[in-house]
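Observations on the three-dimensional arrangement
The primary structure of each chain is shown beneath.
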Amino acid sequence: MTFEIIFVFVLLFFAVFLFVTDYVTFDVAAIIIMASLMLSGILSPKEGLSGFSNPATVTVAAMFILSEGVRRTGILSNAGDFFSNKMQSNFKVWFFALLLFIAVISAFINNTAAVAIFIPVIMGIASKVGVSPSKMLMPLSFAGMIGGVTTLIGTSTNILVSSIAVERGLDAISMFDLTPMGLIFVAAGFLFLFTFGIKMIPERRKEAELTDQFDLQSYLTDIAINPGSDLIGKVLDHEKLTEELDIDVIRVFKEGSDSSAQRNEVKIESGDYMRIRGNPKEIGKLLEREDLSIMPTKTWVDRDLEHGQDVIIEAIIAPESSLDQTKLGNYSFFEKHGALPLAVRHQGDLKHEDVKNIKLSGGDSILLSMSKDRVNELENDPSFLIASKYETSSHRSEKTPIALSILAGVVLAAAVGLTSIVISAVVGVILMVLTGCLRTEEAYNAVNWKVIMLLAGVLPLGTAMDSTGAAELMANFMIDTLAGFGPTALMSGFFLLTLIITAVMSNNASAALLAPIAIEASSSIGVAHEPFLYAVTFAASLSLITPFGYQTNTMIYGPGQYEVKDFFKVGTVLNLIFWILATIFIPIIWPF
C-alpha cells in the first residue's frame, strides 16, 4: 500500500469524523479536505480547485436561484392557501393531494424550498382542523424527499452523482433516467404513510398557543415603575437596567393604553410598567431595586405579547445556515431585525435560561418578539424559516407565467438533449433576473453557499480516491464481502451502506464518497455501472431514520417537537421497504 493510498484513507476517516461530529461545520470540513489533498501533493492546485468549476457545483447553485424565482411569484403560497381551505372539509383526501403536490414540485425545484414554504401552511391547517402538526410535518418532509429523487434536478445529490459519472468517462444522468424507480419509491412511500406511517407518528406538538408551546408561563413578569423612581423622565436604558442579569425587557407599557412602546428610545413616565422575560430568581435580583415592584401574576396568552405592532414568531434555523454552530448571543437579533429571543427549542430540548450561550444548529426553533412590519426582513434572511403563519412578503404574481416558463424551458432543453443541464440552468438564471422575476441581490442570497463549498471541497476527494487506487481497494473489499452472492447482493449492499452513512452525515458528502467506489466495483466485476451508481444516488437522498440525514427532516424537527426516536421508528420501516424495492427493481430497470 503506497503512501498516497494511506494518506487518502487517513483523510477519509478524518473527513467522516468531521462530517459526523459538530467539531466544525460541514463546509469547513470539505475545504480542509481539499486543502489537505493539495498540500500533500496528491492533487495539483488545478485538480484540487476543480470542484469550484465543476458542472455539478454550478448547476446546483443555478437551481437554488431558479427555485427562488418560482417562490417569489407566490404560486406556492397560493397553492398552500388552496389546500388549507380544502382540507377543512375533507382532511384525508386533501392531505394526500397536498403531499402528492409537494412530491411533484420537489421533482423540479429544490425540495427544501418547497417544504419550507409549506411548514407555516401545515401549522395553520393543523390549528384549523384540530390535528397535531407532528402528524403532518414528517409526511411533508418525506414527500419532498421522495419526490426529489424522481428527476435529475429534484435534489443536488442527483446532479452531483451525474457529474461524478461524467468525470469517469460515463454518460451523464439525463433528466428522467431516475423517474421509473423514483415513481416506485413515491408509490410505496405514500402507501406506507397512509396505511401505517402516519399512525406511527406520535402527537408530539399539541394544539396550543406559542406561549404554552414554549412554556413561558414562569418566564414572563410585569414590573411596575414606582412613583419617585429615578427612571422617570429618562429614556430607558434596558441594557444598563438588566446588566449581568439573564433577563430582557420585552416592551414598556403606558398607563391606560393597550399598545406597547418600543423598549428602546422610550421616555419613562409615572404609571408605566415593563414586561420582562426571565426566570423568577433573576427577576428577584432586579426587584432588589426599591423603585420597582412586581405586578399581580396572570396566565399568559399570545395576545399579551401581541399589542399594537408587536407579534411573536416561531423561527427555525435553516439547515446548512450560516448560523450553524454560532452562539445565539453573537447574532444581534435586535439590531438586525428588531427581534428579541424569548425561548429556544434546541435539539429537542426547551431552553429559557442563558440562551445567549446556546450554540445554534439547523432545526432549532426560536420564539421571537418583534414588530409585525419587520417580519418580512426575517423571512428574507436565508438563515431562517418562518413556522408561524403571517402574511408578509409581497409576491410578484404577475411574473408567475414567466417564471414557470423559464423553469419549464430549463427542464425541456436538458430533457430533449438540446443542451446540458448546466447550460440550460445558467441561461434560466439569467432570464429570471432579466425578466424581473428576481433581483440580483435576491439571486445571490438564494444560493446556499455552504452547500456550494461542500461540493467544491468533496469532489476532489473522489478524484484522489481514483488516482491513488483507494477507490479500487475499497471496491475490492465490498466485492470480497458480497460479490460471492451475485451482483444484485453487491448492489443491494451499496444501497444499504449509503442509507446508513447518510443518516449521520451530509447526503452530498456520502454520495461523493461512495459513488466512485460503486463505479469501481461495477467495473471490477464486469457489469453495467448504472445499477450500482443509481443505488448510491437514490439511497443518499432517502435516508429517513434521523432528523439530520436530510435538510427537510432537519427543518421540521423543531416545529414538530419531535424526538430523534420518532424518525428512527417511522424512517427505519420505510427505509427497509425502499431497500427491498431497490434490490428487486433496480436490476430490472437497469440490467447488469
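Everything discussed here concerns the structure shown above.
Attention in this report is confined to the structure presented alongside it. (Residues numbered from 1 in each chain as written. Predicted model: local features only at pLDDT ≥ 70, side-chain atom pairs only at ≥ 80, totals over all residues. Heavy atoms only, no water.)

Time to look at the overall build of the chain. Looking only at helices and strands, the chain features 26 helices and 10 strands. Against the globule reference of 25 Å for 592 residues, the chain gives a C-alpha radius of gyration of 26 Å, in line with a compact fold. Projected onto its principal axes, the C-alpha coordinates of the chain cover approximately 90 × 55 × 50 Å. When the accessible area of the chain is evaluated, it comes to approximately 23300 Å², of which 60% is carbon and sulfur surface. Here the chain contributes 40 positively and 58 negatively charged side chains, and the mean placements of these two sets differ by 5 Å. (Helix = DSSP H or I, 4+ residues; strand = E, 2+ residues; numbered from the N terminus. Rg over C-alpha atoms; globule rule 2.2 N^0.38 Å. Areas by Shrake-Rupley, 256 points an atom, 1.4 Å probe, with all protein chains shown as cover. Lys, Arg positive; Asp, Glu negative; His and termini not counted. Charge placed at Lys NZ, Arg CZ, Asp CG, Glu CD.)

Per the counting criterion, the structure on display carries 3 cavities of 30 Å³ or more. Its volume calculated, the largest cavity comes out at about 60 Å³. Around the largest cavity, the lining residues are Val 60, Met 63, Phe 64, Ile 109, Asn 110, Ile 153, Thr 155, Ser 156 and Ile 159. Broken down by secondary-structure element, the contributors of at least two residues to the lining of the largest cavity are α5 (55-72) and α10 (156-167). With 3 residues, α5 is the single largest residue contributor to the lining of the largest cavity. In the lining of the largest cavity, the residues fall into 6 nonpolar, 3 polar and no charged. (1 Å grid on protein atoms, 1.4 Å probe; cavity = no way out; pocket = protein on both sides within 12 Å on 5 of 7 lines; lining within 4 Å. Points joined across faces, edges and corners; volume = space filled by probe spheres on them. Nonpolar A, V, L, I, M, F, W, Y, C, P; charged D, E, K, R; others polar.)

Turning our eyes to something else, we now look at the pairing of strand β1 (residues 220-225). Every other side chain in a regular strand lies on the same face of the sheet, so the side chains alternate between the two faces. Burial analysis of β1 places 6 of its 6 residues in the buried class, which makes it a mostly covered element. In terms of strand pairing, β1 meets strand β4 (residues 273-277) through 5 bridges, oriented antiparallel. The partner of Ile 223 across the bridge, within β4, is Met 274. Both β1 and strand β5 (residues 292-294) contribute to a ladder of 3 bridges, which runs antiparallel. Bridge pairing links Ile 223 to Ile 294 in β5. (Buried < 20%, exposed > 50% of the residue type's maximum accessible area, 1.4 Å probe, protein only. Pairing = 2+ DSSP bridges.)

Tracing the backbone shows Ser 424 in helix α18 (residues 421-434). From its side chain, Ser 424 meets the backbone oxygen of Val 410 in a polar contact 3.3 Å long. Discounting residues that sit within four places of it in the chain, Ser 424 has contacts with Val 410, Ala 413, Ala 414 and Thr 419. (Polar contact = N/O pair within 3.5 Å; in protein donor to acceptor, adjacent residues only side chain to side chain. Contact = heavy atoms within 4.5 Å.)

Looking now at helix α2 (residues 26-39). A rise of 1.5 Å per residue sets the reference length of α2, with its 14 residues, at 20 Å; its end C-alpha atoms lie 20 Å apart and thus fit the reference within 8%. Structurally, α2 contributes buried residues whose contacts are with α1 (3-20), α3 (45-48), α4 (50-53) and α20 (449-468). Remark: Gly 41 follows α2 within two positions and exhibits a positive phi of approximately 85°. (Expected span 1.5 Å × (residues − 1).)

Next up on the list: α5. Across its 18 residues, α5 extends 26 Å between first and last C-alpha, which sits within 8% of the 26 Å expected from 1.5 Å per residue. α5 sits mainly inside the fold: 16 of its 18 residues count as buried. N-capping of α5 is provided by Asn 54, with a side-chain oxygen placed 2.8 Å from the backbone N of Ala 56. Gly 74 lies just past α5 and shows a positive phi near 85°.

Moving on to the side chain of Asp 381. Within the secondary structure, Asp 381 is located in the loop between α16 (375-379) and β10 (384-386). We note that Asp 381 is buried and unpaired, the nearest opposite charge coming from Lys 336 at a distance of 7.0 Å. Only 3.1 Å separates the side chain of Asp 381 from the side chain of Tyr 331, close enough to count as a polar contact. Setting aside chain neighbours within four positions, we find Asp 381 in contact with Tyr 331 and His 337. (Salt bridge = Lys/Arg side-chain N within 4 Å of Asp/Glu carboxyl O.)

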